[in-house]
Amino acid sequence: MASTSKKLAYSLNQIGLSVLWQAFSAVAVYYYVDELHVSGTSISIGMIVYGLLNALFNLLAGHVSDRTRSRFGRRIPYIMFGSLPFGVVFYLLFSPPAVGTTMLLVYFFAMTLIFDLLYSFIGLNTGALFPEMYQSKKDRYQVSAYQQMFSIIGMIIGIALAKSLGLSIGWSLTAGIFAFIGIITLYASLYGSFENPAYSENPLRFKEAAITTLKNKLFTSYVVANLLIQLTTTMFVSLTAFYTKYVVELTATQNSIFLGAVFIVAIPMSFVWAKSGLRFATVKAAILSSILYAIISLGFLFVSSPADVIVIGALLGIPVSGFMLSLHVLISDVIDFDAEQSGRRREGMYYGINGFIIRIGMSIQYAIMGIFFATSGFDENAASQPDSAINGFRFLIGGLPFIILLITVIYLFQYSRREKQLRGTNL
């Protein structure tokens, strides 16, 4: 059994991944559109195509990971050799050359492509270690709570501070600080990372592995629900910078308090959700989180003061922590059940297909944003926006999540029904 110090060390990977990924999600498009005046419509269209391409990276990463054989293991080499370039590319993304907007667009997509390829391999392999390292429900909830705590700390840094620091000390310096944090914590996590050689059996071929994974009925219910939840939360992250500038204007300090409140509340709530998960089914926590988020997000449709926005942010911390913990444990349960039926552990392919579908969600997100930028009257060169754009921002961050999460609840109930039906039978 791993010691508490090793569990904490392994969980540190969530700081590195969250700081860089969440900062990218929160301010990369904002920085290039609002600060460098690159066309928001052009970036959105490009991100649709990019999201589909990146989805293939996750399939590739999962398949390659399961088939890797090295003296360092299957998963650990990707963390060991990918963390340094991961941080360096993030820094370069926010340190563009002095060129015209067309070349800035090209530079943005080139750096984003490399950044996300590295993120896919590192994030997938840190995640794939979890079900293999921790088999008991108690260990999984304990380590998952540690991971969510560190992930939230990373989110506070990457989301709540990215915009305010970028505007105050400069985007390049901010990116350098974040890159350093990411690199150090990812390497520190290796102290608590280990692999079980017994799970390194001959893997299935790619086509067979993918088809077998998609035939898992528990997984299909899980992955659709996860897609919809991730779509909701990533849109929130991407749109808050615009919402707090054009809809309800927040100062840099107020913006940090607003986003920080989400995660400050989420940290203690992670341990509350973890204890609750030991008492009732994990899927119930996911259902309750979805319903809470859907209701709370409606507030963005109506609020008009910074104080109200901050209160909504604090309340969102409750379901956000529930999402993070329950989804993390659910995919491990799915993988375990598949291993019981097939005799193989295929964490890489499960995380790869999950990432593939989530990245398709990224294309959906940017398709929605692209339609909005093209039709709402939004002008990236204007200091204020027309009512059509302001109302559009309200709907995207408040009304649309309510609709998406109602659909999510349907799939989570489907997961619950299928789990009861399939226990004791073959998938």
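Residues numbered from 1 in each chain as written. Predicted model: local features only at pLDDT ≥ 70, side-chain atom pairs only at ≥ 80, totals over all residues. Heavy atoms only, no water.

- Labelled according to an unreviewed UniProt entry, the protein chain appears under the name GPH family glycoside/pentoside/hexuronide:cation symporter, originating from Paenibacillus taihuensis.
- Heading Subcellular location (unreviewed entry) of the UniProt record for the protein chain holds this comment: "Cell membrane". (UniProt positions renumbered as here; feature names shortened; annotations may be inferred.)

Section: unusual backbone geometry
Moving on, step 1. The backbone of His37 sits at a positive phi, close to 65°, despite the residue not being glycine.
Moving on, step 2. Relative to the elements of secondary structure, His37 occurs in the loop between helix 2 (13-35) and helix 3 (40-67).
Moving on, step 3. A residue is classified by how much of its surface remains accessible, and His37, at 40% relative accessible area, is partly exposed. (Helix = DSSP H or I, 4+ residues; strand = E, 2+ residues; numbered from the N terminus. Buried < 20%, exposed > 50% of the residue type's maximum accessible area, 1.4 Å probe, protein only.)

With respect to the domain arrangement of the protein chain
Moving on, step 1. Taken as a whole, the protein chain is organised into domain 1 (1-200) and domain 2 (206-426).
Moving on, step 2. With centres defined by C-alpha atoms, the gap from domain 1 to domain 2 works out at 18 Å.
Moving on, step 3. Each partner contributes to the interface: domain 1 provides 60 residues, whereas domain 2 provides 55 residues.
Moving on, step 4. For the pair domain 1 and domain 2, the two sides together bury roughly 5,000 Å², of which 68% comes from carbon and sulfur.
Moving on, step 5. Summed over the three residues of domain 1 that lose the most area to domain 2, namely Leu59, Tyr141 and Ile152, the buried surface amounts to 14% of that side.
Moving on, step 6. Viewed at the interface, domain 2 and domain 1 are joined by one salt bridge.
Moving on, step 7. In this structure, the salt-bridge partner of Asp34 is Lys245, at a minimum N-O distance of 2.4 Å.
Moving on, step 8. Residue assignment for the side of domain 1 that touches domain 2 shows that the elements contributing at least two residues are helix 2, helix 3, helix 5 (101-133), helix 6 (137-160) and helix 7 (162-169). (Domains from an automatic or database assignment. Contact = heavy atoms within 4.5 Å. Buried area = accessible area lost by both parts, 1.4 Å probe. Salt bridge = Lys/Arg side-chain N within 4 Å of Asp/Glu carboxyl O.)

Overview of the packing of aromatic side chains
Moving on, step 1. Considering all chains together, one arrives at 32 aromatic pairs under this definition.
Moving on, step 2. Plain terms: the ring middles of Trp21 and Phe115 are 6.3 Å apart, the flat faces sit at 5° to each other, and that makes the pair stacked. Linking Trp21 in helix 2 with Phe115 in helix 5, this pair joins segments that are 94 residues apart in sequence.
Moving on, step 3. Since its relative accessible area comes to 9%, Trp21 is described here as buried.
Moving on, step 4. When its relative accessible area of 0% is taken as the criterion, Phe115 is described as buried.
Moving on, step 5. The structure contains a cluster of three or more aromatic residues connected by ring pairs, namely Trp21, Phe24, Tyr31, Tyr32, Phe86, Phe90, Phe94, Phe108, Phe109, Phe115, Tyr119 and Trp171.
Moving on, step 6. We note Lys6 situated over the ring of Tyr191; from NZ or CZ to the ring centre the distance is 3.8 Å.
Moving on, step 7. The ring of Tyr30 carries the charged tip of Lys163 above its face, separated from the ring centre by 4.9 Å. (Phe/Tyr/Trp six-rings, centres within 6.5 Å; stacked < 30°, edge-to-face > 60°. Lys NZ or Arg CZ within 6 Å of the ring centre and 35° of its normal.)

Some remarks on the packing of helix 2 against helix 8 (residues 171-189)
Moving on, step 1. Closest axis-to-axis distance for the helix 2/helix 8 pair is 8 Å, and the angle between their directions is 160°. Accordingly, the angle class assigned to the pair helix 2 and helix 8 is roughly antiparallel. Seen along the crossing, helix 2 lies across helix 8 with a hand that is left-handed. Between helix 2 and helix 8, the contacting residues are Asn13, Ile15, Gly16, Leu17, Val19, Leu20, Ala23, Val27, Tyr30, Tyr31 and Glu35 on the first element and Trp171, Phe178, Ala179, Ile181, Gly182, Thr185, Leu186 and Ser189 on the second.
Moving on, step 2. Grouping the amino acids of the contact of helix 2 with helix 8 by side-chain chemistry returns 13 nonpolar, five polar and one charged. (Axes fitted to C-alpha atoms, helices over the stretch in contact; angles between N-to-C directions. Parallel < 35°, antiparallel > 145°, perpendicular 65-115°, else oblique. Left-handed = near helix turned anticlockwise from the far one by under 90°. Nonpolar A, V, L, I, M, F, W, Y, C, P; charged D, E, K, R; others polar.)

Section: the packing of helix 1 (residues 4-11) against helix 6
Moving on, step 1. Running from N to C, helix 1 and helix 6 point in directions that differ by 45°, and their axes come no closer than 8 Å. Considered as vectors, helix 1 and helix 6 are oriented oblique to each other. Crossing handedness for the pair helix 1 and helix 6: right-handed. Only Asp139, Gln142, Val143, Tyr146, Gln147 and Phe150 of helix 6 make contact with helix 1, whose side of the interface consists of Thr4, Lys7, Leu8, Tyr10 and Ser11.

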